[in-house]
Each structure stands twice: as C-alpha cells, then as structure tokens.
Amino acid sequence: MSENFGLSAALATAFDADGEIAIPGVIEQAQHCLANGCKSVTLFGTTGEGASIGMQERKQVLAAMLAAGIAPKQIVMGVLVDAAEDAAAQAGQALAQGVRNILLAPPSYFKNVSDDGLFKWFSAVFTMLGTHARDVIVYNIPSVTMVPLSISLVGRLRAAFPDVVVGVKDSSGDWPYTEELLKTHGDLIILIGDERHLARGVRLGGQGAISGMANLLPREVQVMAEKGIDDANVERFVGQLLNYPVIPSIKAILARLTEDDGWLAVRPPLVALNSQDSDTLFAAFGALFRAKAA
C-alpha cells in the first residue's frame, strides 16, 4: 500500500465584507495548515461551506491556490450537491487540475432513499466523468445529509468501481459503524471525521483524517491522525464544540487566533456565532490550549 493519507485540513473558507470569497485569506490558511503538519487541505467540504460555493468560485479559488505554489496533490476537493450532472461537473473541473482526491457526498435532498438508489446516483456521476474518474473518497456524514452510506453500499461501489472509489470519510460519530467499516473495508483509505474517535480508528487501520479541527490545532490533530495517539484535550474540546453551530464556531475561534474578525463571516443560510457564545467557547479552548490562545 502507498503512503498513508495522513491529515488533511477541512479548510474553512474566508469571506469578505461583501460575502465574496476572500481568496488571500483562504490561501494563507491553507499554507499555515500545510506548514504545520497537514499533508493536504480539503477545499469546500462541510467546514468549508462547500454546499454554498458555486462552480465559478471553485474554479477561481483552485486556480489561485495553484498559482500560489500549492501543489495539486496537496488539494482535496469537496463535492456536496444533489444532481449527478452537477457533481460530475464539479469533480471533473478539479480532477482536470490534478487534485489529489474528490470528497464526494451522497445526494441529500431526498431522504429515506435506498442503497440501490444511491448506487445508481454514484454510478451516474462516475459514468459522466468517464476516463477522468479517479481517487474518489465517498463521504458519510448522516448528521448533515440524513443519508447514511451503509457498509454494504461501500462494498458495492468498491466492487463496481475499483479504479475510482479509493476511500471513505466517516463523519458519522458512530463508533460501531466506524469499527465495522475498518474491519470490512481495510483495503480502502478510511478517514475518521470525528476527532473523538480518530486515534482509536487509526490504531485499527485508519489512514488519517479530513479534520475541521486541523484549522485550529494542526499539530495536535496530526499526532492523532498519523500516530494514533489519543489527545484527551482535543477530544474534550470537540465535545464542547458540538454544543454550538460547528462551522461558525470554528471560524469564531480562528478569528481570535489570527486576530482577524473577517473569519467570523459565514455564508447564508448560516449565521455568525454570537459574541457571548464566542467568548464562552474561546474561554473553553484557552483553558485546554493556553499557548494557542495566548
């Protein structure tokens, strides 16, 4: 097997006062993560508000990152759309630039769909991509999509598209599912999205993580993702973070750490964390990671 996937920062997306992507801020954050333990950055995943980012914006940001010297193989592209045609277009645009992987979520508008239906959707995306289809990590995040990817569906996709489906990002937070996924599909790149389970999953064969916390604590999460060493403080803080809207919360802490209030901005329908919650959450962060918060 090739080198383990390691840690990819689920990169937060910076916006300016007009709600447009602040590309210099995105590049600076990517460079920071890459310089501090991340092997790659994931653009426009859940933490990056990818469902709110359109095709032209994706093209512009990717071009700017490549022009800034970030290598294609250091970039994973999130694709979080419902229409197979749109998913193929977004994935194809990124694959044409040589990105490392596509992180592909299932369609999520329709609920209670069958494995057969999901298999046909993924099949349609891969068929539209044709010979460009490669290095797809399917994304299990039922807390957001309400569309879980079953262990058997992962197996069907792997068997039908062995040169395309290379891994699973599991952000279910469901340890029995994660454990079974690792046991059944150990030939795939299994990435743990819930940092509370990360080190344990790596010890059982997981290859790392695509992590929102890596925006804030890349070195700490790197040790968990690459060495399988538990970090009680990271795990404790993730538990606290989940009491608040996660994406605005990560950006609120990032704003404090960088001393740049521009990071507070989120794209509708999300709204920024209120100042009281921001103060409370940052105090909790500081109590665990004083050197980072100083």
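Draft legend 1. Seen up close, the pattern of salt bridges. Scanning all chains against the criterion turns up 10 salt bridges. Measuring nitrogen to oxygen at the nearest pair gives 2.9 Å for the salt bridge that ties Glu57 to Arg267. A residue pair is termed long-range when its members are at least 10 positions apart, and Glu57 in helix α2 (residues 55-67) and Arg267 in the loop between α11 (246-258) and α12 (275-288) qualify at 210 residues. This pair shows no difference in class: Glu57 is buried, exactly as Arg267 is. Among the salt bridges present, the one from Arg158 reaches Asp187, with a minimum N-O distance of 3.4 Å. Of this pair, Arg158 sits in helix α6 (residues 151-160) while Asp187 is found in the loop between α7 (175-184) and β7 (189-192), placing the two residues 29 residues apart along the sequence. Given the relative accessible area of 21%, Arg158 is considered partly exposed.

Draft legend 2. Representation of helix α4 (residues 115-129) within the structure. The first and last C-alpha atoms of α4 sit 21 Å apart over 15 residues, in line with the 21 Å expected at 1.5 Å per residue. Its buried side turned inward, α4 meets α3 (84-95), β4 (101-104), β5 (136-140), α6 and β6 (165-170). Residue Gly130 follows α4 closely and has a positive phi angle near 60 degrees.

Draft legend 3. Quick peek at the packing of aromatic side chains. Tallying each qualifying case throughout the model produces 9 aromatic pairs. Ring centres 5.3 Å apart and planes at 75 degrees place the aromatic pair Phe237 and Phe285 in the edge-to-face group. Here Phe285 lies in helix α12 and Phe237 lies in helix α10 (residues 232-241), a separation of 48 residues in the sequence. The same class applies to Phe237 and to Phe285, which are both buried. Note on Phe282 and Phe285: the rings are 6.0 Å apart at their centroids and 20 degrees apart in plane angle, and the pair reads as stacked. Taken together, the residues Phe282 and Phe285, both in helix α12 and 3 residues apart, mark about one turn of the helix. Among the residues examined, Phe282 registers a relative accessible area of 14% and is labelled buried.

Draft legend 4. Just unusual backbone geometry, in detail. Cis geometry is found at the peptide bond from Pro268 to Pro269, where omega equals 15 degrees. Within the secondary structure, Pro269 sits in the loop between α11 and α12. Even without being a glycine, Met146 presents a positive backbone phi close to 60 degrees. A positive phi angle, close to 55 degrees, is found at Glu259, a residue other than glycine.

Draft legend 5. Quick peek at the nonpolar core. Counting 89 residues, the largest nonpolar core has Leu43, Met65, Ile102, Leu104, Val125, Phe126 and Phe237 as its most contacted members. Here the element with the most residues in this core is α4; it accounts for 7 residues. Among residues more than four places away in sequence, those in contact with Phe237 are Met213, Ile253, Leu281, Ala284, Phe285, Leu288 and Phe289. One finds Phe5, Val76, Leu103 and Leu191 within the second-largest nonpolar core, a separate group that totals 13 residues.

Draft legend 6. Looking closely at the packing of α10 against α12. One way to put it is that α10 packs onto α12 with a least axis distance of 10 Å and a crossing angle of 170 degrees. By the angle between their directions, the pair α10 and α12 is classed as roughly antiparallel. Where α10 abuts α12, its residues Asn233, Arg236, Phe237, Gln240 and Leu241 lie against Leu281, Ala284, Phe285 and Leu288. For the contact of α10 with α12, the residue count by class is 6 nonpolar, 2 polar and 1 charged.

Draft legend 7. Looking closely at the packing of α11 against α12. Two elements in contact, α11 and α12, have axes separated by 10 Å at closest approach and are oriented at 70 degrees. For the element pair α11 / α12, the angle class is roughly perpendicular. Between α11 and α12 lies a crossing of right-handed hand. Side by side, α11 and α12 meet where Ser249, Ala252, Ile253, Arg256 and Leu257 of the first sit next to Ser278, Asp279, Leu281, Phe282 and Phe285 of the second. Within the contact of α11 with α12, the residues separate by chemical class into 6 nonpolar, 2 polar and 2 charged.

Draft legend 8. Local environment of the side chain of Glu57. According to the relative accessible area criterion, Glu57 is buried, its value standing at 18%. If we skip the residues at most four places from it in the chain, Glu57 touches Glu20, Ile21, Ser52 and Arg267.

Draft legend 9. How the structure looks around α11. The first and last C-alpha atoms of α11 sit 18 Å apart over 13 residues, in line with the 18 Å expected at 1.5 Å per residue. Among the residues of α11, those classed as buried are Ile247, Pro248, Ser249, Ile250, Lys251, Ala252, Ile253, Leu254 and Ala255. Looking at the packing, one finds that the buried side of α11 touches α1 (23-35), α10 and α12. Taken from the residues just after α11, Glu259 is the one with a positive phi, measuring 55 degrees.

Draft legend 10. Representation of the environment of Val26 in the model. Mapped onto the secondary structure, Val26 falls in helix α1. Residue Val26 is classed as buried on the basis of its relative accessible area of 2%. The spacing of Val26 and Leu43 is 17 residues in sequence and 9.2 Å in space, taken between C-alpha atoms. For Val26, the contacting residues outside a window of four places in its chain are Leu11, Thr13, Ala14, Ile21, Leu43 and Val61.

Calculation notes
- Residues numbered from 1 in each chain as written.
- Predicted model: local features only at pLDDT ≥ 70, side-chain atom pairs only at ≥ 80, totals over all residues.
- Heavy atoms only, no water.
- Salt bridge = Lys/Arg side-chain N within 4 Å of Asp/Glu carboxyl O.
- Helix = DSSP H or I, 4+ residues; strand = E, 2+ residues; numbered from the N terminus.
- Buried < 20%, exposed > 50% of the residue type's maximum accessible area, 1.4 Å probe, protein only.
- Expected span 1.5 Å × (residues − 1).
- Contact = heavy atoms within 4.5 Å.
- Phe/Tyr/Trp six-rings, centres within 6.5 Å; stacked < 30°, edge-to-face > 60°.
- Core = buried A, V, L, I, M, F, W, Y, C linked by side-chain atoms within 4.5 Å.
- Axes fitted to C-alpha atoms, helices over the stretch in contact; angles between N-to-C directions.
- Parallel < 35°, antiparallel > 145°, perpendicular 65-115°, else oblique.
- Nonpolar A, V, L, I, M, F, W, Y, C, P; charged D, E, K, R; others polar.
- Left-handed = near helix turned anticlockwise from the far one by under 90°.

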